[in-house]
Amino acid sequence: MAAGYLDILRARHAARLLTGTLVGRLPNGTAHIAIVLFTRAEGGSYTLAGALAAVYGLATAVGQPLLGRAVDLHGQPRVQLPASVLSALGMALLAVAGFDSLPLAYAAVVVAGVFTPPLEGGLRALWPSVLGSEDRVHRAYAMDAVAQEIMFTIGPLLVTLLVSLWSPAAALLVINAIGVLGALFIVLSEPSRTWRSAPREAHWLGALRSRGLLALLGSFFFVGMALGSITVAGVAYADDHGRESVYGWLMAALGLGALIGGAVYGARQWSGPPERRLRVIVALLALGYLPLMLTPGVVAMTVLAAVAGVFLAPAIACSFIVVDRHAPRGTVTEAFSWLVTTFGVGAAAGTAVAGPAVELGGTAWSFAVAGAGGVAALIVLLSTGRVLAVPGHSAVAVSGPGGDRKDAVEPGLSQGRQA
């Protein structure tokens, strides 16, 4: 298993690009907890903290596809680094100005969110030119999904460490400064500097003119909804059992399950259309969420949470392949950014729905939202099967240094081929 991932990391520029992307995404991955901690430290209410975090999330959802389209049109260095600097300045303004002026505080988080650089989409656009063969690109997608889980585990711990050592304001400043360094590390690399998107057809819808991409986005809105609802349901479950630490155990179990699932998925070479494989993975994902409604004792619930997380990273990794197959020519960064946006909006919706569900029916109902989200995601994939069907000659393509797709290959049929 490890040999396949080491093979990717030994490829020239691969380790640098993956590390830079994870470091550059730290501000986005930790923004919500950093904003909440800073607001509370400044005497703000939980309502204000939640509102600021929500505004940041919405601003990020708006900015990602717009910046992704800009990257496709103008290249990575001209967009990623300026966006990262502007986002960091927005958070710096919040940290320095505080809440003397609420409109200014909201404006600061809007700037920080809108200009969050689309580093995720940028990395996935670079993998084909860096790795060459299609099976290595697929494995890199899986490694990318696993690395995200690591970042979302380590990031909050880093924020709390900075808060304990200095202050919430310092944490905001340091995390965002680190993010700029990560973006700089990427845009100075040769693959980022030389990458160019394939020529694109001028169309105001951009990547969204692909019906297959729209179907995938519709499904992953509900996957995000399921995951977002679990964060609220987990808090309710911990409250029921009188221990805050229970919430940490549940979230850690979900993350551990995702790490294991993603590592195993990426270690294998898969054959057949990824759209069909995605339907199976999402079906298993939904099946894993449903038992959470039983809300058994803490030990059993932790095990169920780990099982529920197993198919998340494989679903995300497989979705990357499907995005690449369905993105209109010249829109790959924008298409990946739309996936990030849709998933994030779905998670926000899940959080919003799970709260009232707890009030109306208790903890089991809030976990039912996760199960319903998984089932809805599967229904979307099943009902759009014809739209998602892609002829073999349109499969994931390997890109050359300039970003143009040149060799369309069927998944699983070009094992070990080097470009």
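Where helix α11 (residues 211-240) contacts helix α16 (residues 332-361), the axes come no closer than 6 Å and their chain directions differ by 40 degrees. With respect to α16, the element α11 is oriented oblique. Note that α11 runs across α16; the crossing there is right-handed. Its residues assigned to classes, the contact of α11 with α16 shows 19 nonpolar, nine polar and no charged.

All right, on to the pattern of salt bridges then. Applying the stated criterion across every chain yields a total of seven salt bridges. Across the pair Glu334 and Arg69 runs a salt bridge, and its minimum N-O distance is 3.1 Å. Here Glu334, found in helix α16, pairs with Arg69, found in helix α4 (residues 46-74); they are 265 residues apart in sequence, far enough to count as distant. Across the pair Arg124 and Glu120 runs a salt bridge whose closest N-O atoms are separated by 3.0 Å. Of the two residues, Arg124 and Glu120 both sit in helix α7 (residues 119-131), four residues apart, roughly one turn of that helix. Where salt bridges share partners, they join Arg25, Glu120, Arg124 and Asp144 into one cluster.

Mapped onto the secondary structure, Thr60 falls in helix α4. The contacts of Thr60, once residues within four sequence positions are left out, are Asn28, Gly113, Val114, Thr116 and Thr341.

Calculation criteria
- Residues numbered from 1 in each chain as written.
- Predicted model: local features only at pLDDT ≥ 70, side-chain atom pairs only at ≥ 80, totals over all residues.
- Heavy atoms only, no water.
- Axes fitted to C-alpha atoms, helices over the stretch in contact; angles between N-to-C directions.
- Helix = DSSP H or I, 4+ residues; strand = E, 2+ residues; numbered from the N terminus.
- Parallel < 35°, antiparallel > 145°, perpendicular 65-115°, else oblique.
- Left-handed = near helix turned anticlockwise from the far one by under 90°.
- Nonpolar A, V, L, I, M, F, W, Y, C, P; charged D, E, K, R; others polar.
- Salt bridge = Lys/Arg side-chain N within 4 Å of Asp/Glu carboxyl O.
- Contact = heavy atoms within 4.5 Å.

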